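Fold and geometry: a report
Each chain, letter by letter, is given below.
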Amino acid sequence: MMANKRVLAFFVVSIILFASSPIASHQKCVVEAVEGEQFVTRKQRNEAEAHAFEELRKQGQDEVGHTAEAAALRHYQLRKKKRKGLLGKKEKSLAEVLFPGVAAELYTPDEDVFMMTDLVQSKKTHVPFEYYDLPVCPAPPLADFRRRHRTQRKNLGARLQGVELKPAPFTLKVKQNQPCRKLCTMDIGPRKVRWLRKLVERQYRVHVTFDSLPVLMRSSELNYAVRGYPVGFKAPPSYTGLTHDEYFLYNHLKFTITYLDEPNGEGIYITGFDVHPVTLAHDDSTCNGDSSYSPKNSPSTYLTLRTGTIGEELKVTFSYEVEWVPSELPWEDRWDVYLIGSPDDDIHFFAIVNSLMIVLFLTGAIATIMIRTLRKDITTYNEMSMLEDGQDETGWKLLHGDVFRPPSYWPMALSVLVGNGAQIGVAFFISMLAAVLKLLNPIKKGHTLTALVVLYVLSGCVAGYVSARVYKFCDAKNWKMNTVMTAMALPGVLVGIFTVLNVFLSFAGAATAVGFVTLLALFALWVCVSAPLVFIGAFFGLKAPKLEVPTKTNQIARYVPELPWYGSPPVSCILGGILPFGSVCIELFFIMSALWLHQIYYVMGFLLAVLLILAATCAQVSIVMAYLQLCSEDHRWWWKSFFNCASAGIYLFLYSLWFLVSRLELVGVLPVVVYLTYMSMISVLFSIFCGSVGFMCAFAFNKTIYGALKVD
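Another aspect to go through is the overall build of the protein chain. Across its full length, the protein chain carries 22 helices and 16 strands. Within the protein chain, residue pairs in contact and separated by at least 24 positions form 80% of the contacts whose partners lie at least 6 positions apart. In the structure as shown, the protein chain presents an accessible area of about 34,000 Å², 61% of it carried by carbon and sulfur atoms.

Structure below.
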């Protein structure tokens, strides 16, 4: 009994330590801790470089400009992101980090080139639109489109994300400046004007790319750089002198393309792609062929986004200009400006270290307490069994005839959930491993999502095999239904929810609304690939011998006494889910920022480490909870071992609600529905994976300890 109390006390202390550790604090605390440590690491670096950095900062040097000083500041700020090797002593460029194996593309002078359109999206609403959904000039003829762009095909992930490569209406020639040029004049009706005003209100930004570089709005004076340009802006009455807010449309774009000459003079490499939007009410005097004329934002020439008094259409003339500027910035460093201001790798590192220290502490304490306790118990029980006048059995040995009794409730559901959890874990682990090995490119849109979907489908054999083995051990007979439910239940629910959500997105005209062909492809992957693989895995699982256990099950189930407060749901589930969720909560902040705040996330090595830490934490929590339950003479551990770890999914969903309230500023009902729907699906998958790990580890633990007993 004293040993059991020590185990329980240690488990509670572990939770308290987690709650008081930096992991449970806000990200700001971690940032401050990292900044405090940077002074120590900075002293170990080259003192001249550190001194120069400080001097430039004191002089007010910006970090986003095209000057050599700004590039040096960026290089110094991002030096930790450019490390490679086991000890991180070698340096490489961010191009090698973000685009492994991608070579620079050479452009020849006077070559016709095109910009590429991307999504029109906002952080205030996760309902993006395509570029040509806006009232803009039509795309150039496809006959003029570059051959290499015509050969690009959208992958499945890009289709699910609504990304489609289309040429922008802006035509340009390499190294030829384009003065202000009128593209077209559009008549925008009242309905479209109201829609544009809503886009401006919700801060939508237009994204285009050139040579794979997203367009940037940057200001050296304000030291900021942000991807995309706004559709327009809203001016308050204090600015316009009116009694209401006024909306203005950006209809003129000033593009600046910086380039680096190839050493042999054969062409150029693109090193920067900037835009400066201008709102301009065109007339005959604007963009009339004068090469020295360049529109500027002036209140007297703003283009008001409103129709006439009787609802007349709004005439808008779209125009653009292009300036090519030589630069000394190496092609390899052109991505530096995009990551300025992103969380430093030290934050990820310290988050992993904090989680790992708790896991190691938990592991060491479990190993010490559990091994000593179990060894003493096993030795005592075995000695008692050798005595001729054997004494009454006490503790968890009493359950040797019931511990492997199959669950009396829903054994099929348990088998299906454990099998699906194994499938999720295998698919995610292989995806992250492929990303770490540079087989996947996390920056290229859709690649990681495609890999996850394809690997999840191909891992169907794992789900079928694990589910069949568990179901066969439960001595259940309806193996056909078990196999069908393993193949259809979870994917069917996910596809059904996704389809219903897709209907609402289609009515809203969102770019992420999936077309019928893509839905048909998903259905074909499910029915024609995943389901047959589940059947194949189930076939081998049923053909395999039944899982062997060291004890025989009694015919009559043992009475379960009243359990202590920590041993019965929902308290056991509440306690069990804290540590698994806590081991990933800080990295989860960066992942959700990338998903919902459009930030760049590329540290797949940290994500793989978090996955392994999560699995280890689930295993340890499951073992502790299973041991405490057995010591309470409760042999009904099957479902409890699953839910004790699966409850981490509830914490994940609660965390997503906190993220919604504190970090997102969503406007409208549909964006909130989209967010909650996807986070619910993610939480369910997370819960099933954790529960599956907890169940399998508890089963292995029980086999191990009862296999060490000498039972008649």
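Let us look at the side chain of Ser647. As for its placement among the helices and strands, Ser647 is situated in the loop between helix H20 (638–646) and helix H21 (648–662). In terms of polar contacts, Ser647 uses its side chain to reach the backbone carbonyl oxygen of Asn644, at 3.1 Å. In contact with Ser647, not counting residues within four places along its chain, are Cys573, Gly576 and Gly577.

Right, let's get into the state of the cysteines. Applying the stated criterion to the full structure yields two disulfides. Paired through a disulfide, Cys137 and Cys184 show a sulfur-sulfur distance of 1.8 Å. In this structure the cystine formed by Cys137 and Cys184 twists about its S-S bond by roughly -95°; its chirality is therefore left-handed. Taken as a pair, Cys137 in the loop between strand S4 (129–130) and helix H6 (147–150) and Cys184 in strand S6 (residues 178–188) lie far apart in primary sequence, 47 residues in all. Looking at Cys184, the relative accessible area reads 19%, which means it is buried. Residue Cys180 pairs covalently with Cys287 via a disulfide, S to S 1.6 Å. One end of the pair, Cys180, is in strand S6; the other, Cys287, is in the loop between strand S15 (268–278) and strand S16 (314–326), with 107 residues separating them in the sequence. Owing to a relative accessible area of 11%, Cys287 belongs among the buried residues under this scheme. Numbered by order of appearance in the sequence, the disulfide-linked cysteines of the protein chain pair as 1-3, 2-4.

A word on unusual backbone geometry. Even without glycine at this site, Gln203 takes up a positive phi of about 60°. In this structure, Gln203 sits in the loop between helix H8 (190–201) and strand S7 (205–210). Even without a glycine there, the phi angle at Asp211 is positive, about 55°. Judged by its relative accessible area of 10%, Asp211 falls in the buried class.

Taking 1.5 Å of rise per residue, the 28 residues of helix H19 (residues 604–631) would be expected to cover 40 Å, and the 41 Å separating its terminal C-alpha atoms lies within 8% of that figure. Most of H19 is tucked away: 22 of the 28 residues are buried. Note on H19: the residue one or two positions beyond its end, Glu633, has a positive phi of about 65°.

Applying the stated rule across the entire model yields eleven salt bridges. Close ionic contact of Glu130 with Lys166 constitutes a salt bridge, the shortest N to O distance being 3.4 Å. Residue Glu130 is located in strand S4, and its partner Lys166 is located in strand S5 (residues 166–173); the two are separated by 36 residues in the primary sequence. Salt-bridge contacts for Asp245 lead to Lys234; the nearest nitrogen and oxygen are separated by 3.8 Å. Taken together, the residues span a long stretch of sequence, with Asp245 in the loop between helix H9 (237–240) and strand S13 (246–249) and Lys234 in strand S12 (residues 232–235) at a distance of eleven residues. Note on Asp245: relative accessible area 30%, which makes it partly exposed. Taking the relative accessible area as the measure of exposure, Lys234 reaches 34% and is therefore partly exposed. Residues joined in a network through salt bridges with shared partners are Arg197, Glu246 and Arg306.

What follows deals with the packing of aromatic side chains. The description of two aromatic rings rests on the distance between their centres and on the angle between their planes. A complete count under the given rule lists 35 aromatic pairs for this structure. For the ring pair Phe539 and Phe540, a centre distance of 5.5 Å and an interplane angle of 80° mean the geometry is edge-to-face. Relative to Trp658, the ring of Tyr655 has its centre 5.3 Å away and its plane inclined at 40°; by these criteria the two rings are tilted. Of this pair, Tyr655 and Trp658 both sit in helix H21, three residues apart, which is roughly one turn of that helix. Given a relative accessible area of 13%, Tyr655 falls into the buried group. Residue classification places Trp658 among the partly exposed positions, given a relative accessible area of 35%. Through pairs of rings, three or more aromatic residues link up here, namely Tyr107, Phe170, Phe210, Phe255, Tyr259, Phe273, Tyr320 and Trp324.

With that settled, the discussion passes to the side chain of Glu321. Tracing the sequence through the fold places Glu321 in strand S16. No salt bridge is formed by the buried Glu321. Its closest oppositely charged neighbour is Lys254, at 4.5 Å. A distance of 2.9 Å separates a polar atom in the side chain of Glu321 from a polar atom in the side chain of His252. There is a polar contact of 3.1 Å between the side chain of Glu321 and the side chain of Ser294.

Of all hydrophobic cores here, the largest spans 63 residues; its most connected members are Met592, Phe659, Leu664, Tyr675 and Cys690. Per element, the largest residue contribution to this core is 13 residues, and it comes from H19. In this structure, Trp195, Phe255, Ile270 and Val674 belong to the second largest nonpolar core, which totals 57 residues.

Time to look at the packing of helix H18 (residues 585–596) against helix H22 (residues 669–707). Running from amino to carboxyl end, H18 crosses H22 at an angle of 140°, the nearest separation of the two axes being 13 Å. As judged from the angle between their axes, H18 and H22 are oblique. Both H18 and H22 take part in a crossing whose hand is right-handed. Packed against H18, whose contacting residues are Met592, Leu595 and Trp596, the element H22 presents Val674, Tyr675, Tyr678, Met679 and Ile682 at the interface. Taken together, the residues that form the contact of H18 with H22 break down as eight nonpolar, no polar and no charged.

Conventions used here
- Residues numbered from 1 in each chain as written.
- Predicted model: local features only at pLDDT ≥ 70, side-chain atom pairs only at ≥ 80, totals over all residues.
- Heavy atoms only, no water.
- Helix = DSSP H or I, 4+ residues; strand = E, 2+ residues; numbered from the N terminus.
- Contact = heavy atoms within 4.5 Å.
- Areas by Shrake-Rupley, 256 points an atom, 1.4 Å probe, with all protein chains shown as cover.
- Polar contact = N/O pair within 3.5 Å; in protein donor to acceptor, adjacent residues only side chain to side chain.
- Disulfide = S-S within 2.5 Å.
- Buried < 20%, exposed > 50% of the residue type's maximum accessible area, 1.4 Å probe, protein only.
- Expected span 1.5 Å × (residues − 1).
- Salt bridge = Lys/Arg side-chain N within 4 Å of Asp/Glu carboxyl O.
- Phe/Tyr/Trp six-rings, centres within 6.5 Å; stacked < 30°, edge-to-face > 60°.
- Lys, Arg positive; Asp, Glu negative; His and termini not counted.
- Core = buried A, V, L, I, M, F, W, Y, C linked by side-chain atoms within 4.5 Å.
- Axes fitted to C-alpha atoms, helices over the stretch in contact; angles between N-to-C directions.
- Parallel < 35°, antiparallel > 145°, perpendicular 65-115°, else oblique.
- Left-handed = near helix turned anticlockwise from the far one by under 90°.
- Nonpolar A, V, L, I, M, F, W, Y, C, P; charged D, E, K, R; others polar.

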